[in-house]
Amino acid sequence: MRTQVGIIGAGPAGLMLARLLHLQGIESIIIENRSRDYIENRVRAGLIEHWAADLLADVGVGERMKREGLLHWGINIGINGDLHRIDFQKLVNKRVTIYGQQEVVKDLVARRLADGGPLLFEVDGVGVHDLTSERPKIRFTHEGRAQEIECDFIAGCDGFHGICRPSFPEGVPKVFERDYPFGWLGILTESPPADHELIYSYTDRGFALYTMRSPTISRLYLQCDHDEDIDNWSDARIWDELHKRLGGARKLVEGTMLQKGITPMRSFVVEPMQHGRLFLAGDSAHIVPPTGAKGMNLAFADVMMLSRALEGFYKAKNSDKLGGYSAACLRRVWYAQRFSWWMTQLMHSFPHETPFDRRRQISDLGYLTSSEAASRMLAEQYVGLPLD
Ligand code: APR
Ligand code: PHB
């Protein structure tokens, strides 16, 4: 097969890139190693920044999100049971949209199929070759047959566990990372949310996040040990801890557990995000702790940069933006990394911390929720900085 841009991975990054390229009249083929059903039911975060929700609408993939998504003009910061609202409308006049990532994936897949662009599911044995040539290739098997796609460019949108980043030559990628000494135990429940807006709750027992997918579906997270075993957490124990970490601020109504799992917390960046004609975008290049809900939004920002660079190459025969792709992405990536780290260190209990650290955290939270300047700093990053 032959195409202009070979895309590996049908997550938010790969699917959005394909849509942007289609609108620019640039051909692409997407290959995905999971099934359509699997990727459309993979429970992930569900918060879309203001500009990213506008992007989905602008590229013709926002109709259902506008119907079913929840517009939030603020969040609540809980400090041992006292709630403090951060008013996005007053501070920055922007909002976020609560709409599950798997719903975004469903909408992008439907759009891709309607566009008639190739999207191959359940591929296997994917490898990338001749990355520094003008005809890089993707080789894989599909339906038992060996396949090869000759491309002008390859977009590595295959996530943190994909094959593209590891295909960089030894010594080329510089990795910047840190692991956190805790994880998140997340549940999806058929129960009404604790509040109509999100609650980020700091308590002496540890952090908890009370968010939602709809007025009847809640998404709830508990800080837990980094190596916690989900089998140690019965439904009753999870609900008990969620009640306690709300600190009496709101009444939490229990309901049917639809899904539960544990997410590790890490910060990770690879530099550069490109090698030859292979360009990384999204989780293949960076991971943020979920505290700031930046993952999908950052993936969209990367592919916006990449689609602009590819348009420059094909339309204006100018490769400057392709050469500057990594630098352009990494400015925003590091903003999101710092913000996600900052929210994580602010809201979580760290093992081995001293009473001084706890008092400092409480003071930090008190300053954040009482200073308009500090609240605006949080608000403008939370709703999403403007795209360069
Ligand atoms: N070949 C083909 N597809 C692959 C391969 C491979 N070798 N390895 C992984 N994939 C697929 C995965 O099955 C997944 O569908 O690549 C896709 C990568 O998608 P994501 O992991 O969702 O990453 P991305 O598109 O960058 O979106 C980032 O997704 O994981 C969340 O929290 C993350 O919200 C963030 C968002
Ligand atoms: C989610 O909806 O899953 C979510 C929302 C906000 C966060 C993290 C996760 O900070």
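Structure first, text after, so check above.
Below is a summary of the structure that appears in this document. Everything quoted here is computed from the prediction, not taken from an experiment.

Brief notes about the sheet that holds strand β15 (residues 208-214)
Read across the open sheet, the eight strands follow the order β6-β5-β14-β15-β16-β13-β17-β20; overall the sheet is mixed. The open sheet has two edge strands, β6 (82-87) and β20 (286-287), and neither has a second partner. Packed on one face of the sheet, helix α10 (residues 325-347) meets β5 (74-79), β13 (174-190), β14 (199-202), β17 (256-271) and β20 and runs near 125° to β17.

Observations concerning the site of ligand 2
Tyr 200, Arg 213, Tyr 221, Pro 290 and Thr 291 are the nearest of the 14 residues found near ligand 2. Contact distances for ligand 2 include 3.4 Å between an oxygen atom and a backbone N or O atom of Gly 46. Interatomic distance of 3.3 Å between a backbone N/O atom of Pro 290 and an oxygen atom of ligand 2. Protein burial of ligand 2: of its 280 Å² of free accessible surface, 99% is covered by the chains. Taking a 2 Å distance to the grid points as the criterion, the majority of the atoms of ligand 2 fall inside the largest cavity.

Looking at the packing of aromatic side chains
Enumeration according to the criterion identifies 15 aromatic pairs in this entry. Note on Phe 313 and Tyr 314: the rings are 5.0 Å apart at their centroids and 85° apart in plane angle, and the pair reads as edge-to-face. Taken together through their ring pairs, the aromatic side chains of Phe 88, Trp 184, Tyr 200, Phe 207, Tyr 221 and Tyr 382 make up a single cluster. Over the ring of Tyr 38 we find Arg 34; its NZ or CZ atom is 4.1 Å from the centre of that ring. The ring of Trp 233 carries Arg 237 above its face, with NZ or CZ at 3.7 Å from the centroid.

What about unusual backbone geometry?
In most cases, non-glycine residues show a negative phi, while peptide bonds are predominantly trans. A cis geometry characterises the amide bond from Glu 271 onward to Pro 272, with omega recorded as -10°. Positive phi, close to 50°, is recorded for Lys 317, a residue that is not glycine. Tracing the backbone shows Lys 317 in the loop between α8 (295-316) and α9 (320-323).

Side note on the site of ligand 1
Surveying the vicinity of ligand 1 reveals 24 residues, the closest of which are Glu 32, Arg 42, Arg 44, Gln 101 and Asp 283. Pro 12 places a polar main-chain atom, nitrogen or oxygen, 3.2 Å from an oxygen atom of ligand 1. At 3.1 Å from an oxygen atom of ligand 1 is found a main-chain nitrogen or oxygen belonging to Met 296. Look at ligand 1: alone it shows 700 Å² of surface, and the protein chains cover 88% of it. Sorting the residues of the shell around ligand 1 by element identifies α1 (12-23) and α8 as the ones contributing at least two each.

Brief notes about the sheet that holds strand β9 (residues 124-129)
Each strand in a sheet pairs with its neighbour through backbone hydrogen bonds, running either in the same direction (parallel) or in the opposite one (antiparallel). Overall, antiparallel pairing links the three strands, which are arranged β9-β10-β11 in an open sheet. The sheet is open, and its two borders are formed by β9 and β11 (145-150), each paired with just one other strand. On average, each strand axis in the sheet is tilted by 15° relative to the strand beside it, whichever way the strands run. Bridging between β9 and strand β10 (residues 137-142) involves four bridges; their strand directions are antiparallel. Opposite Asp 124, over in β10, you have Thr 141 as the bridge partner.

Cut-offs used in this document
- Residues numbered from 1 in each chain as written.
- Chains lettered and ligands numbered in written order.
- Predicted model: local features only at pLDDT ≥ 70, side-chain atom pairs only at ≥ 80, totals over all residues.
- Heavy atoms only, no water.
- Pairing = 2+ DSSP bridges.
- Helix = DSSP H or I, 4+ residues; strand = E, 2+ residues; numbered from the N terminus.
- Contact = heavy atoms within 4.5 Å.
- Axes fitted to C-alpha atoms, helices over the stretch in contact; angles between N-to-C directions.
- Near = heavy atom within 4 Å.
- Polar contact = N/O pair within 3.5 Å; in protein donor to acceptor, adjacent residues only side chain to side chain.
- Areas by Shrake-Rupley, 256 points an atom, 1.4 Å probe, with all protein chains shown as cover.
- 1 Å grid on protein atoms, 1.4 Å probe; cavity = no way out; pocket = protein on both sides within 12 Å on 5 of 7 lines; lining within 4 Å.
- Sits in = over half its atoms within 2 Å of the grid points.
- Phe/Tyr/Trp six-rings, centres within 6.5 Å; stacked < 30°, edge-to-face > 60°.
- Lys NZ or Arg CZ within 6 Å of the ring centre and 35° of its normal.

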